[in-house]
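Below are the chains, spelled out letter by letter.
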Amino acid sequence: MRYIIGSDKYHVVGNWNGIWKAQAPHKACHLLWRLCRGCLPTRYRLLRRVECTLNCLVCDEEIEDELHIFFRCAVARDSWSATGLSSVLHNATYQQINAMDRIFAVCSNESSDTVGRVSMLLWCIWHNLHKLQSNNVSRTTKAGLVRWEKPALDWVKRNVDIAFVSGSGRTSVGLCFCDNSDHFMAGMTQ
Ligand SMILES: [Zn+2]
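Residues numbered from 1 in each chain as written. Predicted model: local features only at pLDDT ≥ 70, side-chain atom pairs only at ≥ 80, totals over all residues. Heavy atoms only, no water.

**Examining the pairing of strand β2 (residues 170-178)**
Reasoning step 1: Pairing of strand β1 (residues 157-165) with β2, which is carried by nine bridges, proceeds in the antiparallel orientation. In the strand pairing of β2, Arg158 is matched with Phe177.
Reasoning step 2: What sits between the antiparallel neighbours β1 and β2 is a turn of four residues, in which Gly167 has the positive phi angle 85°.
Reasoning step 3: Two strands pair when backbone bridges link them, and β2 and strand β3 (residues 184-189) are joined in this way by five bridges, in the antiparallel orientation. Residue pairing for β3: Phe177 is matched across the bridge by Ala186.
Reasoning step 4: Adjacent in sequence and paired antiparallel, β2 and β3 are bridged by five residues, among which Asp182 carries a positive phi angle near 75°. (Pairing = 2+ DSSP bridges. Helix = DSSP H or I, 4+ residues; strand = E, 2+ residues; numbered from the N terminus.)

Given below as structure tokens:
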């Protein structure tokens, strides 16, 4: 641990104390820390490891990276002004090209109260983005869900599932028979 902490390889230069001095709940300071350590799972970062779309979930217009999510997306900009922090967002001192440098500059120049409000705002943006994402996922799975329906009276329903194993020349099949009161009657696999 001492080696890792002392190593230049992992050290990121910046005003780390400014982050922890922010007057905000720990979760908000922690978000700033994750943002500056470069470990927030934005789509831009995820794409290096998993297949996913790159565009911002909210506006679908630009690549979803930290700078876009927190500073440039139209919804984020509205949030900055709704919380009365427009002057911080548009301050000429904080127009660095990456989100980490912007955060460090804000931490160095603003009061711990303002840094606290900024960190809470960023936390809300991030939190809502993920709520939106999970709503999207559950909506698509619900839409794709097919419910089993009972057969009509005196009818038997047979459900079939078949698998083709590519390259092996093998196929498998499973069948099950149910009556109109949803009782299992028979089944087979081959
Ligand atoms: Zn956007």
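After that view, the rundown keeps rolling.
**Here's the deal with the pattern of salt bridges**
Reasoning step 1: Summed over all chains, the structure comprises three salt bridges.
Reasoning step 2: Put simply, Arg43 and Glu64 hold a salt bridge, and the shortest N to O gap is 3.8 Å. Here Arg43 is found in helix α4 (residues 43-46), whereas its partner Glu64 is found in the loop between α4 and α5 (66-72), with 21 residues between them in sequence. For the pair Arg43 and Glu64, a shared accessibility class is recorded, and that class is buried.
Reasoning step 3: For Asp113, the salt bridge identified is with Arg117, shortest N-O distance 3.9 Å. A residue pair is termed a helical-turn pair when its members lie 3 or 4 positions apart in one helix, as Asp113 and Arg117 do in helix α9 (residues 112-144) at four residues. (Salt bridge = Lys/Arg side-chain N within 4 Å of Asp/Glu carboxyl O. Buried < 20%, exposed > 50% of the residue type's maximum accessible area, 1.4 Å probe, protein only.)

**Focus on the coordination of the zinc ion**
Reasoning step 1: Looking at the zinc ion, the protein donor atoms are Cys56 (SG), Cys59 (SG), His68 (NE2) and Cys73 (SG), and they sit 2.1 to 2.3 Å from it.
Reasoning step 2: Viewed at the metal, the four donor atoms of the zinc ion are separated by angles of 101 to 118°, and the geometry they form is tetrahedral.
Reasoning step 3: Counting along the primary sequence, the residues that act as donors to the zinc ion give the motif C-x2-C-x8-H-x4-C.
Reasoning step 4: Owing to a relative accessible area of 23%, Cys59 belongs among the partly exposed residues under this scheme. (Donors = N, O, S within 2.8 Å, 3.2 Å for Na, K, Ca; no water. Tetrahedral: all angles 85-135°; square planar, octahedral: opposite > 155°, others 65-115°.)

**Remarks on empty space enclosed by the protein**
Reasoning step 1: One pass over the full model with this rule turns up one cavity of 30 Å³ or more.
Reasoning step 2: Taken as a whole, the largest cavity spans an internal volume of roughly 30 Å³.
Reasoning step 3: As for the largest cavity, its lining consists of Phe71, Trp80, Val88, Leu89, Tyr94, Arg102 and Val106.
Reasoning step 4: For the lining of the largest cavity, the elements supplying multiple residues, two or more each, are α7 (86-90) and α8 (99-109). (1 Å grid on protein atoms, 1.4 Å probe; cavity = no way out; pocket = protein on both sides within 12 Å on 5 of 7 lines; lining within 4 Å. Points joined across faces, edges and corners; volume = space filled by probe spheres on them.)

**Some points on the nonpolar core**
Reasoning step 1: In terms of nonpolar packing, the biggest core is built from 38 residues, with Ile19, Phe70, Phe71, Trp80, Ile103, Leu122 and Ile125 touching the most fellow members.
Reasoning step 2: For this core, the elements supplying multiple residues, two or more each, are α2 (16-21), α3 (26-37), α5, α6 (74-82), α7, α8 and α9.
Reasoning step 3: With eight residues, α9 is the largest single contributor of residues to this core. (Core = buried A, V, L, I, M, F, W, Y, C linked by side-chain atoms within 4.5 Å.)

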